[in-house]
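So the chains spell out like this:
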Amino acid sequence: MNPRKIQAIARKEFYHLIRDFRSLYLAFFIPLLLILLFGYALSLDVENVKTVVVDHDKSPLSRDFIRKLDASAYFRITKHLPNTEAITKYLDHGWATMALIIPPGWTKDIKADRESPLQILFDGSDPNFAGLSRGYITAFIEDFNRNQLIQFLNRKGMERINPPIEGRIRVWFNEDLESRNFIVPGIIAIIIMIVGAMLTSLVIAREYENGTMETIRSLPIRAGEFLIGKAIPYFFIGLTDVLIAIFMGQVLFGVVMKSSFWLMVLASSIYLGVALSLGLFISVVTKSQLVANQMAILFTYLPSLLLSNFVFPVVNMPIILQKVTYVVPATYFIDILNGLYLRNLGMTHLWPSYLVLNIIFLVLVIMNFVVLKREGL
Amino acid sequence: MIDSVSDVVYVKDLTKRFGRFVAVDSISFSVKKGEIYGFLGPNGAGKSTTIRMLCGIITPSAGYGRVAGYDIFTEAEKIKHAIGYMSQKFSLYEDMTPFENIRFYLGVYDVSSQEWKDRIEWVLEMTHLKDMRNRLTRELPPGWRQRLALGCALIHRPKILFLDEPTSGVDPISRRHFWDFIKHLASEGVTIFVTTHYMDEADNCERIVMINDGKIVTTGPPSVIVRDLFPERPEADLNDAFIKLMARSST
C-alpha cells in the first residue's frame, strides 16, 4: 500500500466525480430529495381520517357523538350527508375513507336498553389504513360507551364505579407512535446505499468502457491501492450525506438522535464500506455502466428498502424471505439506527449488529480482491 | 537460458493460450539496450498479446522471459515500474486536463514529489501542451493526445518504452514528429519496442520480427529481410516482403 499511489487514484476519481453532472446529481440531489420525500410524504400514521356522516337520529346524543368524533385527532368529519345512497358516491371517489350512519331512533333504542347498532363503512383498498382506522373507531366507541355508562350511574345516584381492569398503556422509545421517528433514520440506510453502491457501481465499469482499464493494468497499481483510491471520494461524500440527513432529520422533522454521535459515525462508516465494496464489486463484474446500474438497484437499493425491516416488517414475510433478510446488510444497519435513534442504546446492546456488518464488509473486500486479481491487478 | 547483459528484453519459448486458442506460440527473441525493435504482423497475429505479456499485464502460459532484468512471471510490478507503455488508444482520462493526467501518472509511478515540478515542465515542453495545460484532454486533437500519452508513459524515465500501434489514427506530419522523437529517445539509451502495421514505420526500426498466427515468421534488420526475399528486385520494399511472408506462412 503506497499512500502516494492511493492519493493519485483518489484525486483522479474526484475529478471524474466533479466533472460528471449525473454523478454529482446522484451524490447530492437524490439524497436531499429522498429525505424530503420520505420525511414528508411517507407517513404510515393514521390521523384525520376523512369521514362522512348520515345522521338519521338528529338527537342531542347523536350530535354529541359526532362532535366528539370530529374533535378526536384521528377523525375529521368532512361532510354531513342527507341519505345513505350519497355515501356510495363519496367512498367510490375516495372523497371519504369512512362513513358513519346513525339510524333513526338510535337514542330512543339506547334509552330503552334495546340493541342500538351504528353502521360504519370503510374504504378497504388500503388495508393498512383501514385496519388502523377500524382500531381507532372501535376504541372510540368503547370510550363513548363507558362515559355514557358512568353518566347513567351517576344520575341514578350510584357511586362512581371503575371497571375492574384498566390497562395503563405507555409506549416506550417512540411515545407518540410517530412513524416519522423510524422512517427518518431509515432514510440514512437508503441514502448510503444509493451514494455508496450506485455511484461506485459506475466507476470501474467506466474504466472498462473508456479503455482506461488497460492503462490501469499497465501501471504499477495493486488491487488494494486501486480499491481504496476509488472508494475515498465516495466515502467522504457518503459521510457528508449522512451528516446532512442527521441535520435535516433534526431541523425539519424534529427527529433527534438519542445516543452517541460517534457511534452513529462509526456505524455509518462501516455500512458505507459495505456499500462501496458492493458497488465496486458489481462494477468489476459487469464492466458496463448500464448493467452495473441495474444490478446496483436490484441488489443493493431494493433489498435495503424492502428486506431490511425499514418500512415492511420482516416478521410478516414468508420464512424464506425472512432468511434472506439475514444477508441484507441494511437489516443490521437499520437495527443499529433504531437502537441509536430511538432506544438510546450503546455498544453493550448493539455490538452484534456492528460485528455482523464488519464481517459482511470483510467478505466483500475479499471478493473484490479476488475479482481484481483475476482482472490482472 | 542465459541472457546476455545487454539484452533488456529476453524471451524464450513464450506461449500464451486463451482456453484452447494459442495466441502466441512459443516465440523467442531478444532486444538490446537502446535498440528500436519492431514487431510486425497482421491483426490478430499476437502482437498485442506479446506486448501485454512483456509489460506484466497478463501472465504467460509457458516459456521464460525477462524484461529490464525482471521475471515476467513473478515480478510484474517491478517491470511496470521500469517500463513505459502506451497503447493504440492512448487511453488518457479525457475529462481531465493534460496537467491532471500527468500528475496522475507521477503519483502512480511513485515519483518523489521534489521532482514533480521539473517532470511536469519537461512533459509540457516536450508535448508542446504548455498553453493547453488547463484544457480538457477530450478537446485536444488526436496528434496532441498521442504526444500527451507518450509524455505520461515517459514521466518516470523508464529504461524501456513499449508502444502498441502508437500512431494509429494520427496524421502523417504528427507521425513524422513522433518518430523523430522516438529516435532521439533511443539515442539517449532508451530501448523502444514497437508494434505496428505501417510498413514505412517499420523502416525506422533497427531490427524487426514478423509474426503470424502467433508464430515468428522472420526476424532481422528490415533491409536484410527485403534483400533476402527479393535478391533480383532492388525496388522491392518491406511491404512486398510482408505480403509474401504472410501469404507463405498462412498456407
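It should be noted that the structure appears before, not after, this text.
Predicted, not measured: the structure shown is a model, and the values here were computed from it.

With that out of the way, let us pick up the overall build of chain A. Looking only at helices and strands, one finds 14 helices and four strands in chain A. For 377 residues, the compact-globule estimate of 2.2 N^0.38 gives 21 Å, and the C-alpha radius of gyration of chain A, at 28 Å, exceeds that figure by more than 25%. Counting only C-alpha atoms and orienting by the principal axes, one finds that chain A spans roughly 95 × 45 × 40 Å. The buried share of chain A, taken over its 377 residues, is 49%. Looking at chain A alone, contacts between residues at least 24 apart form 77% of all its contacts between residues at least 6 apart. On chain A, roughly 19,500 Å² of surface is accessible, and the fraction owed to carbon and sulfur atoms is 63%.

It is characteristic of soluble globular proteins that their nonpolar side chains tend to be buried jointly. In this structure, Ile188 of chain A together with Phe104, Leu161, Ile182 and Ile192 of chain B are the most contacted members of the largest nonpolar core, which totals 142 residues. With 18 residues, helix H7 (residues 180-210) of chain A is the single largest residue contributor to this core. Ignoring anything within four residues of it in the chain, the contact list for Ile192 of chain B reads Glu35, Ile36, Tyr37, Leu161, Leu163, Ile182, Leu185 and Ala186 of chain B. Residues Val11, Cys55, Tyr85 and Ile160 of chain B belong to the second largest nonpolar core, which totals 29 residues.

Once that is clear, we can look at the sheet that holds strand E9 (residues 207-212) of chain B. All names here are of chain B. Ordered in space as E6-E7-E8-E3-E9-E10, the six strands form an open sheet in which the pairing is mixed. Two strands in the sheet have a free side with no partner beyond their single neighbour: strand E6 (83-86) and strand E10 (215-220). On average, each strand axis in the sheet is inclined to that of its neighbour by 15 degrees, with strand direction left out of account. Contacts from helix H5 (residues 142-153) reach E6 and strand E7 (160-164) within the one sheet, and its direction differs from that of E6 by about 160 degrees.

Let's shift gears to the packing of helix H9 (residues 223-253) of chain A against helix H10 (residues 261-286) of chain A. All names here are of chain A. Here H9 crosses H10 at 135 degrees, and the two axes come no closer than 9 Å. When the axis of H9 is compared with that of H10, the two are oblique. Note that H9 runs across H10; the crossing there is right-handed. Listed contacts from H10 to Leu227, Lys230, Ala231, Tyr234, Phe235, Gly238, Leu239, Val242, Leu243 and Ile246 of H9 are Phe261, Met264, Ser268, Ser269, Leu272, Leu276 and Leu280. Residues of the contact of H9 with H10, tallied by class, amount to 13 nonpolar, three polar and one charged.

Looking now at the packing of H10 of chain A against helix H11 (residues 289-306) of chain A. Residues and elements named next belong to chain A. Look at H10 against H11: their axes get within 9 Å of each other, and the N-to-C directions meet at 150 degrees. By the angle between their axes, H10 is roughly antiparallel relative to H11. The element H10 and its partner H11 pack so that their crossing is right-handed. Counting all contacts with H10, which are made through Tyr271, Leu278, Ile282 and Thr286, the residues of H11 involved are Val291, Ala292, Met295, Ala296, Thr300 and Ser304. Counted by class, the contact of H10 with H11 contains seven nonpolar, three polar and no charged residues.

Structurally, the position occupied by Thr127 of chain B is in helix H4 (residues 116-127). Engagement of the side chain of Thr127 of chain B in a polar contact is seen with the backbone oxygen of Val123 of chain B, the distance being 2.6 Å.

Glancing now at the interface of chain B and chain A. Contacts between the two partners involve 25 residues from chain B and, on the opposite side, 23 residues from chain A. Counting the surface lost from both chain B and chain A, the interface buries some 2,400 Å², and carbon and sulfur atoms represent 55% of this. On the chain B side of the interface with chain A, the three residues burying the most area are Lys80, Tyr93 and Val108 of chain B, jointly 23% of the side's total. Summed over the shared surface of chain B and chain A, the result is five salt bridges. Here Glu100 of chain B and Arg19 of chain A are joined by a salt bridge, their closest N and O atoms 2.6 Å apart. Across the chain B-chain A interface, the total number found is 13 residue pairs in polar contact (both at pLDDT 80 or more). Secondary-structure elements contributing two or more residues to the side of chain B that touches chain A are helix H2 (76-82) and helix H3 (98-108) of chain B. No other element matches the six residues that H3 of chain B contributes to the side of chain B that touches chain A.

This part takes up a nonpolar patch on the surface. All names here are of chain A. Side chains of Leu266, Met347, Trp351, Leu355, Ile359, Val363 and Met367 sit close together on the surface and give an oily, nonpolar patch of about 620 Å² of accessible area. If you tally residues by element for the nonpolar patch, the top one is helix H14 (residues 347-374), at six residues. Its location among the elements puts Ile359 in helix H14.

Turning next to the packing of aromatic side chains. Both the distance between ring centres and the angle between the ring planes are used here to describe each pair of aromatic rings. For the coordinates displayed, the defined rule picks out 24 aromatic pairs over all chains. Aromatic side chains Tyr25 of chain A and Phe29 of chain A sit 5.3 Å apart centroid to centroid with 25 degrees between the ring planes, which places their arrangement in the stacked category. In this pair, Tyr25 of chain A and Phe29 of chain A both sit in helix H2 (residues 21-41), four residues apart, roughly one turn of the helix. When its relative accessible area of 41% is taken as the criterion, Phe29 of chain A is described as partly exposed. A centroid spacing of 5.4 Å and a plane angle of 75 degrees characterise the contact between Phe65 of chain A and Phe140 of chain A, whose relative ring orientation is edge-to-face. Of the two residues, Phe65 of chain A is situated in helix H3 (residues 60-71) and Phe140 of chain A in helix H6 (residues 127-155); the sequence distance between them amounts to 75 residues. The two residues Phe65 of chain A and Phe140 of chain A agree in class, both being buried. Against the face of Phe99 of chain B rests Arg133 of chain B, its NZ or CZ located 4.9 Å from the ring centre. Between the NZ or CZ atom of Arg157 of chain B and the centre of the ring of Trp122 of chain B, over which it lies, the distance is 5.5 Å.

Procedures and definitions
Residues numbered from 1 in each chain as written. Chains lettered and ligands numbered in written order. Predicted model: local features only at pLDDT ≥ 70, side-chain atom pairs only at ≥ 80, totals over all residues. Heavy atoms only, no water. Helix = DSSP H or I, 4+ residues; strand = E, 2+ residues; numbered from the N terminus. Rg over C-alpha atoms; globule rule 2.2 N^0.38 Å. Buried < 20%, exposed > 50% of the residue type's maximum accessible area, 1.4 Å probe, protein only. Contact = heavy atoms within 4.5 Å. Areas by Shrake-Rupley, 256 points an atom, 1.4 Å probe, with all protein chains shown as cover. Core = buried A, V, L, I, M, F, W, Y, C linked by side-chain atoms within 4.5 Å. Pairing = 2+ DSSP bridges. Axes fitted to C-alpha atoms, helices over the stretch in contact; angles between N-to-C directions. Parallel < 35°, antiparallel > 145°, perpendicular 65-115°, else oblique. Left-handed = near helix turned anticlockwise from the far one by under 90°. Nonpolar A, V, L, I, M, F, W, Y, C, P; charged D, E, K, R; others polar. Polar contact = N/O pair within 3.5 Å; in protein donor to acceptor, adjacent residues only side chain to side chain. Buried area = accessible area lost by both parts, 1.4 Å probe. Salt bridge = Lys/Arg side-chain N within 4 Å of Asp/Glu carboxyl O. Patch = residues over 30% accessible without salt bridge, like charges linked within 9 Å, V, L, I, M, F, W, Y side chains within 5 Å. Phe/Tyr/Trp six-rings, centres within 6.5 Å; stacked < 30°, edge-to-face > 60°. Lys NZ or Arg CZ within 6 Å of the ring centre and 35° of its normal.

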